[in-house]
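# Structure assessment
Each chain, written out:
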Amino acid sequence: MDPELNRCVLLNEAKGLVPGYPQSMLDILGKCNIAAVYGFSHKHLRSNMLSLVGTPLIKDRLLPRINRYVKLHLRNWDGSTVDIQEKTMNMTFLISFKQITEVELSSIYDAFKFEFDKLLVGSLSLPINIPGTKYYHGLKGRKNVMKFLKELVERRRQSPVTYDDMLDILLRGGDSAYMLSDEEIYDQIIAILYSGYETVSTTSMMAVKYLHDHPEALQELRDEHFSIRKRKTAEEPIDWDDYKCMTFTRAVIFETLRLATVVNGVLRKTMNAIELNGFVIPKGWRFYVYTREINYDPFLYPEPYKFNPWRWLDNKSLEAHKHFLIFGGGGRICPGKELGIVTVSTFLHYFVTTYRWEEIGGQKIVKFPRVEAPKGLLIRVNKF
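Computed from a predicted model, the values in this text were never measured in an experiment. (Residues numbered from 1 in each chain as written. Predicted model: local features only at pLDDT ≥ 70, side-chain atom pairs only at ≥ 80, totals over all residues. Heavy atoms only, no water.)

Right, let's talk about the overall build of the protein for a bit. In terms of helices and strands, the protein carries 14 helices and eight strands. Each principal axis of the C-alpha atoms in the protein carries an extent, and together these give about 60 × 60 × 45 Å. As presented, the protein carries roughly 18000 Å² of accessible surface, and 55% of it is formed by carbon and sulfur atoms. A distance of 3 Å separates the average location of the 52 positive side-chain charges in the protein from that of its 45 negative side-chain charges. (Helix = DSSP H or I, 4+ residues; strand = E, 2+ residues; numbered from the N terminus. Areas by Shrake-Rupley, 256 points an atom, 1.4 Å probe, with all protein chains shown as cover. Lys, Arg positive; Asp, Glu negative; His and termini not counted. Charge placed at Lys NZ, Arg CZ, Asp CG, Glu CD.)

Another point: the nonpolar core. The nonpolar side chains of a soluble globular protein tend to be buried, and buried together. Among the nonpolar cores identified, the biggest contains 116 residues, and F112, F116, F347, F351 and W357 are the most heavily contacted of them. Once residues lying within four places of it in the same chain are set aside, the contact partners of F347 are V70, L74, I84, T88, M91, S204 and V208. (Core = buried A, V, L, I, M, F, W, Y, C linked by side-chain atoms within 4.5 Å. Buried < 20%, exposed > 50% of the residue type's maximum accessible area, 1.4 Å probe, protein only. Contact = heavy atoms within 4.5 Å.)

What follows concerns the pairing of strand β3 (residues 265-270). Within a regular strand, the side chains alternate between the two sheet faces. Here strand β1 (residues 17-19) pairs with β3 via three bridges, running antiparallel. Counted as the bridge partner of P19 is R268 from β3. Looking at chain direction, β3 and strand β6 (residues 286-290) are connected through five bridges and run antiparallel. Paired with K269 across the bridge in β6 is R286. (Pairing = 2+ DSSP bridges.)

Glancing now at the sheet that holds β1. Ordered in space as β1-β3-β6, the three strands form an open sheet in which the pairing is antiparallel. Each edge of the open sheet carries a strand with a single partner, namely β1 and β6. Strand-to-strand, the axes of this sheet are offset by a mean angle of 45°, without reference to chain direction. (Axes fitted to C-alpha atoms, helices over the stretch in contact; angles between N-to-C directions.)

What follows deals with helix α7 (residues 134-158). Given 3.6 residues per turn, any residue in an α-helix points the same way as the ones three and four places further on. An ideal rise of 1.5 Å per residue puts 36 Å on 25 residues; α7 measures up with 36 Å between its terminal C-alpha atoms. Those residues of α7 lying buried are Y135, G138, G141, R142, V145, M146, F148, L149, L152, V153 and R156. Among the structural elements, α2 (23-29), α6 (105-123), α8 (166-172) and α9 (182-213) are those in contact with the buried residues of α7. (Expected span 1.5 Å × (residues − 1).)

Strand order in the open sheet made by the three strands is β2-β8-β7, with antiparallel pairing throughout. On the outer flanks of this sheet lie β2 (80-83) and β7 (355-359), each paired with one strand and no other. Between one strand axis and the next, the sheet turns by 35° as a mean value, whatever way the strands run. As paired elements, β2 and strand β8 (residues 378-383) share four bridges and run antiparallel to each other. In the strand pairing of β8, D83 is matched with L378. Against the sheet, helix α14 (residues 337-354) contacts β7 and β8, and its axis sits at roughly 90° relative to β7.

It is worth spelling out the packing of helix α4 (residues 55-73) against helix α5 (residues 84-100) at this point. Between two packed helices, the angle of one axis relative to the other and the distance separating the axes together describe the packing. With their axes 10 Å apart at the nearest point, α4 and α5 run at an angle of 140° to one another. Remark: the crossing between α4 and α5 carries right-handed chirality. Every residue of α5 that contacts α4 at L62, R65, I66, Y69, V70 and H73 is listed here: K87, N90, M91, I95, K98 and Q99. Across the contact of α4 with α5, the residue classes break down as six nonpolar, three polar and three charged. (Left-handed = near helix turned anticlockwise from the far one by under 90°. Nonpolar A, V, L, I, M, F, W, Y, C, P; charged D, E, K, R; others polar.)

Turning our attention to the packing of aromatic side chains. Applying the stated criterion to the full structure yields 27 aromatic pairs. On the basis of an interplanar angle of 20° and a centroid distance of 4.9 Å, the ring pair of Y210 and F307 is categorised as stacked. Highlighted residues: Y210 in helix α9 and F307 in the loop between β6 and α13 (311-314), separated in sequence by 97 residues. By the burial criterion, Y210 is buried, and F307 matches it. Following the ring pairs from residue to residue traces out a cluster consisting of F93, F97, Y109, F112, F116, F148 and Y197. A cation over a ring is seen here: K113 above F93, with NZ or CZ 5.9 Å from the ring centre. (Phe/Tyr/Trp six-rings, centres within 6.5 Å; stacked < 30°, edge-to-face > 60°. Lys NZ or Arg CZ within 6 Å of the ring centre and 35° of its normal.)

This paragraph deals with a nonpolar patch on the surface. A cluster of nonpolar side chains, namely L126, I128 and I130, defines an oily patch on the protein surface of about 300 Å² accessible area. Relative to the assigned elements, I128 resides in the loop between α6 and α7. (Patch = residues over 30% accessible without salt bridge, like charges linked within 9 Å, V, L, I, M, F, W, Y side chains within 5 Å. Salt bridge = Lys/Arg side-chain N within 4 Å of Asp/Glu carboxyl O.)

Glancing now at the side chain of R250. Relative to the elements of secondary structure, R250 occurs in helix α12 (residues 247-259). When neighbours within four sequence positions are excluded, R250 is seen to be in contact with Y243, E319, K337, E338 and I341.

With that settled, the discussion passes to the pattern of salt bridges. Between side chains of opposite charge, a pair can form when the charged atoms approach closely. Taken as a whole, this structure holds 28 salt bridges when the rule is applied. D164 is the salt-bridge partner of R61, the closest N and O atoms lying 3.3 Å from each other. Here R61 is found in helix α4, whereas its partner D164 is found in the loop between α7 and α8, with 103 residues between them in sequence. Residue D164 is classed as partly exposed on the basis of its relative accessible area, which comes to 45%. For the salt bridge of R68 with E102, the shortest nitrogen-to-oxygen distance reads 3.8 Å. Residue R68 is found in helix α4, and its partner E102 is found in the loop between α5 and α6; the two are separated by 34 residues along the sequence. Using a relative accessible area of 39% as the deciding quantity, one classes R68 as partly exposed.

Shown next, in the form of structure tokens:
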């Protein structure tokens, strides 16, 4: 949990501190998953991932689509009671899936998501592979997800049509000099869907929760977004320049991630015996780099348990601070960081400029081991 030691570990993969995810997790997420590989394989998978979700692609291709999908998702909420946890999860998965393959979406989406949800839960469960367990269902989910993806890739290869989506880039090699194998393509798709699913949806839900509980922050956020809307026609989407103006929104997202840490840390293993802080960790041992506690360090964040997005504006160096590990660190800093922030920002833009809301009841939020509302987070929504 020591900030300096955690940073040291994350920056020294070359010294033999490599990903240490258990085989049970790799059996579900895939041995070619970008979070599990290292060395040459990680370098080229990361290069390929950035060709799919890097800033140039966000500006020119992904943001216009996110605009469209978010607006469609938020339609018809007026006067209704919604579970914002369920809604943000559905929105996040739909956006990711549409970015990967939009043409075939309607024919396979529901069945694919059903199997992927089993994969997600199974990857975070005890690895007991007997009928009825979450892990057992997770392995079945993986098998069926792979079946969907193989059929999808086969149809694409037989089609003479060029598609404008991530799957087409993956099959053509994109801007990466490294052509992926079929197994790497399948695991890359699973990684894109998996990594953004819980992080973006949970951050969106918790931002709504914190803004509801802190009216001053909500008002400042609304002022920022209504200022953007004044420059545009009613149906005109936001663009990259608008996004770059969302300074308070970015602060709200960082503060939400800090308080409601979705990813608590990462697993590492030693390729050889290594000394850390006076302790020798033998070769082949695994340890958990627990970054969550850094987010509550009172020296880095005064009044650490207070929701205070202004701290990110008052101290603009916080995002560049060497112990800012919310998105990981070193060569493994999350390649989808900016895409995730863009997605949450777009959701908040249309949500706070369209609706008012109030919570119904006092639903419980659990922050460990996962951030979730076990019984959902119900809100009543009305248009301005």
